[in-house]
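As a plain string of letters, each chain reads:
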Amino acid sequence: MSIRRDHETTNRPAQPIYLDYQATTPTDPRVVDAMTPWFFERFGNPHSAEHKYGWDAAEAVDQARDAVAAEIGGKGRDILFTSGATESNNLAIKGAGRRRREAEGRDKIVTVASEHACVLESAARLEREGFEVVRLPIGRDGLVDLDAVEEALDERTALISVMAVNNEIGVIQPLGEIGKRARAAGAWFHTDAAQGFGKIPLDVDEMAIDLMSVSGHKIYGPKGVGALYMRRKKPKVQVEALMDGGGQEKGVRSGTLPTPLVVGLGAAARIAGREREREAERLKGLRDRLLERLEAEIDGLFLNGSREARIAGNLNVTIPGLEGQELMAALDGIAVSSGSACSSGAPGASHVLQALGLEAGKVAASIRLGLGRFTTQEEVETASDRLIETVGRLRSRRGAA
Amino acid sequence: MSAPVYLDYNATAPCRPCAAAAAARALESGGNPSSVHSAGRGARATLESARRAVAALAGAAPEAVLFTAGATEADNLALRAVDAERVLVSAVEHDAVLAARADREIAPVDGQGRLDLAALERALSSGAGDTLVSVMAVNNETGVVQPIEDVAALVRAAGARLHVDAAQAAGRMELAPVWSAADYLSLSAHKMGGPPGVGALLIRAGAPFQPESLGGGQERRRRAGTENLPGIAGFGAAAQELAEGWRAEAARVEALRDRLEAGVRASAPQVVIAGADAPRVGNTSCIALRGLPAEKQVMALDLDGVAVSAGSACSSGKVTKSHVLSAMGWPDDLAGAAIRVSLGWATRDDDVDRFLAAYEKLAAKAKAA
């Protein structure tokens, strides 16, 4: 049987209007096409060194390494594949932290209050193991203060972990400036680039990045695969493995590599690299239009995080006078989120918005609007209409009560 | 030239059409299972239906199933995240089990590769405290089936816990009795014709467990990270197909394997087949032909269009001698001359014919050498 796809179709989500591209992205049909043969006739185990099936798969994996590396100015041999950005972040932070403490006695981790939960929890695990963990605050713009970074870094610092782009508020951290300071202090610099890779220009050398986490499904690639960039020279970064076994990925990450997923990540990286600039321009136009309408027609609405240092596909806005749950329940026909997807199943105030200084007690609804590759002008207009209309309806109901 | 005959199913199996179709559907429908909107809810439904299918294959409750990136992760989670003071593993375990805890103790096997139960009993009686025993259901190199129910009786009597790596067992033998005997069970999707990049650890209710990957709260807070939904959907479809049809498939494959072994013995009566006198699953044959190094055999077969392996795929990049055959007491010259032939769901009669034709040439070469 065949699952070959009709090239006319796309994976564009139709209904409801999907504005949650920071939670996950639909897999690009071109990525699906690139993956398909690796399930079937080219299904070999890339670690089988004794026959053509294995060699074929191993070569495809190496091409995917090159594709991921090319997007960040790295080398293919510096890329290892994981099951996703969560694993990459766990491996980078716990792996590098433990390794450096063992080898050099460095036992301090610096990170930021608005990081993804998997970064904060990995740091907390190290804290329980006796590390000192510094969690830097963010300003009203969502950005970390560079003087505070410099002050926190010292000769005991094993690693500083700062995300490239925040998953909730879309702000872009000043990676180059942080990298410069980390390098001066001899701390390794890790960045969780799950939301930044393929969306903003990244260069591991210019930004002095030593470790970078990448996610497949945030860049129109498949779920279940991610990558970790690991600098091999100046400095030579080494991490303690979280999993042992067959010794794949140079012993750092055992387990059979899923060739179709890895190929999918490579294809997604290649497409993102080719289309990044043009796509960012297009999305910025749509996003600005969306914000312009919301600001003009919803009283008191404000944007969370920096207006300038922000990726093109994200808005996070707060609407005073409404409950978040109330707004989410009433919004029909638009898929948006009130926080990050991982935690959106469970209610609770966003740690990112709290770190921004939003008051927890105040009645206000905050929503994240994520735009992406398949978002159209028409969808933006319809979504604006719906949102404006829903807020108006809820507010008049509150006013009447 | 036609595609090479693939007889390396224990390294990885081609994806079953049902599994690939399910993975493709999930790829196209998208959604993050943790999102509360309808795209997310659809993804959640796919995830939970796959969980039920995988659970059903092992006769387990769906809540027992924790999806992972594969059996290596599942093995590591079981051995490391279970905070046992002492870990006892069989000498023929996969590297994922052997390497997971540096302080593990090794329980020996007999010449057929079966766990030495008396030795295990002694080891269990000597040490006090909280012990985890890890024994694979089916060996990846020889296909030998371990006496899991007997192992479980000893483990239970000692108040210890049992982990079973069943990566090579799923779809090749009945899993429910294995799961009934175990506290933890590892599964791999791609070994049973599901997609690569996904596996599961089954955890018995009440058994201790410490998560390794943190942040996000997925999988009931036991494993963070957005779920590999297409992989999981494919895994579920493969599990469902096998739950219904594994007996017929295993019987068909076993008949092919038996014909293959009979043919091999006919062209080279001197061959030694590992674990031939022990219970084995029907798809695996580990064949030693003295006098011709395994790498040479594999290369010659490859030139003749037949893909087999000289050991497990993970270690096959580096040619080292098999720890499994050594543990069975095989001398180096015999262990170094063993190839692994493994069959599966898509293997056909003519694949066996082509293998046997190539093997006959190989046997003639060995005679000349």
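Residues numbered from 1 in each chain as written. Chains lettered and ligands numbered in written order. Predicted model: local features only at pLDDT ≥ 70, side-chain atom pairs only at ≥ 80, totals over all residues.

### Describing the sheet that holds strand E12 (residues 338–342) of chain B
Residues and elements named next belong to chain B.
- In spatial order, the strands read E9-E10-E12; together these three strands make up an open sheet with antiparallel pairing. Both edges of this open sheet fall to strand E9 (272–273) and E12, since each of them pairs with a single strand only.
- Here two bridges tie E9 to strand E10 (residues 284–288), and the two strands are oriented antiparallel to one another. Opposite Val-272, over in E10, you have Ala-288 as the bridge partner.
- Set on the sheet, helix H9 (residues 229–267) makes contact with E9, E10 and E12; between it and E10 the angle comes to about 10°. (Pairing = 2+ DSSP bridges. Helix = DSSP H or I, 4+ residues; strand = E, 2+ residues; numbered from the N terminus. Contact = placed C-beta atoms within 7 Å. Axes fitted to C-alpha atoms, helices over the stretch in contact; angles between N-to-C directions.)

### Some details on the interface of chain A and chain B
- The partner chain B presents 65 residues to the 64 residues of chain A that form the contact.
- Mapped by element, the contributors of at least two residues to the side of chain A that touches chain B are helix H2 (52–70), helix H3 (85–104), helix H4 (117–128), helix H7 (259–297) and helix H9 (341–344) of chain A.
- Sort the elements by how many residues they give to the side of chain A that touches chain B and H4 of chain A lands first, with seven residues.
- Its residues placed into classes, the side of chain A that touches chain B shows 27 nonpolar, 28 polar and nine charged. (Nonpolar A, V, L, I, M, F, W, Y, C, P; charged D, E, K, R; others polar.)

### Examining the sheet that holds strand E9 (residues 302–303) of chain A
Residue and element names in this part refer to chain A.
- On the basis of which strands lie adjacent, the open sheet formed by three strands has the order E9-E10-E12 and antiparallel pairing. Single-partner strands in this sheet number two, and they are E9 and strand E12 (364–370).
- The strands that H7 touches are E9, strand E10 (314–320) and E12; relative to E10, the one it contacts most, it runs at about 10°.

### Some words on the domain arrangement of chain A
Residues and elements named next belong to chain A.
- What the domain assignment reports for chain A is domain 1 (17–27 + 276–400) and domain 2 (29–269).
- Spacing between the C-alpha centres of domain 1 and domain 2 amounts to 28 Å.
- Counting residues at the interface gives 27 residues for domain 1, matched by 29 residues for domain 2.
- Secondary-structure elements contributing two or more residues to the side of domain 1 that touches domain 2 are H7, E10, H9 and helix H10 (351–356).
- Ranked by the residues each element gives to the side of domain 1 that touches domain 2, the list is headed by H10, at three residues. (Domains from an automatic or database assignment.)

### Section: the pairing of E10 of chain B
- The buried count for E10 of chain B comes to five of five residues, which makes it a mostly enclosed element.
- Here E10 of chain B shows a buried face lined by Thr-284, Cys-286 and Ala-288 of chain B and a second buried face lined by Ser-285 and Ile-287 of chain B. (Buried ≥ 20, exposed ≤ 12 C-beta atoms within 10 Å, placed from the backbone.)

### Quick notes on H9 of chain B
- Taking 1.5 Å of rise per residue, the 39 residues of H9 of chain B would be expected to cover 57 Å, yet its terminal C-alpha atoms sit only 47 Å apart, more than 12% below that figure.
- Of all bends in H9 of chain B, the biggest is about 75°, found at Gly-245 of chain B. (Expected span 1.5 Å × (residues − 1). Bend = angle between axes of the 7 residues up to and from the residue.)

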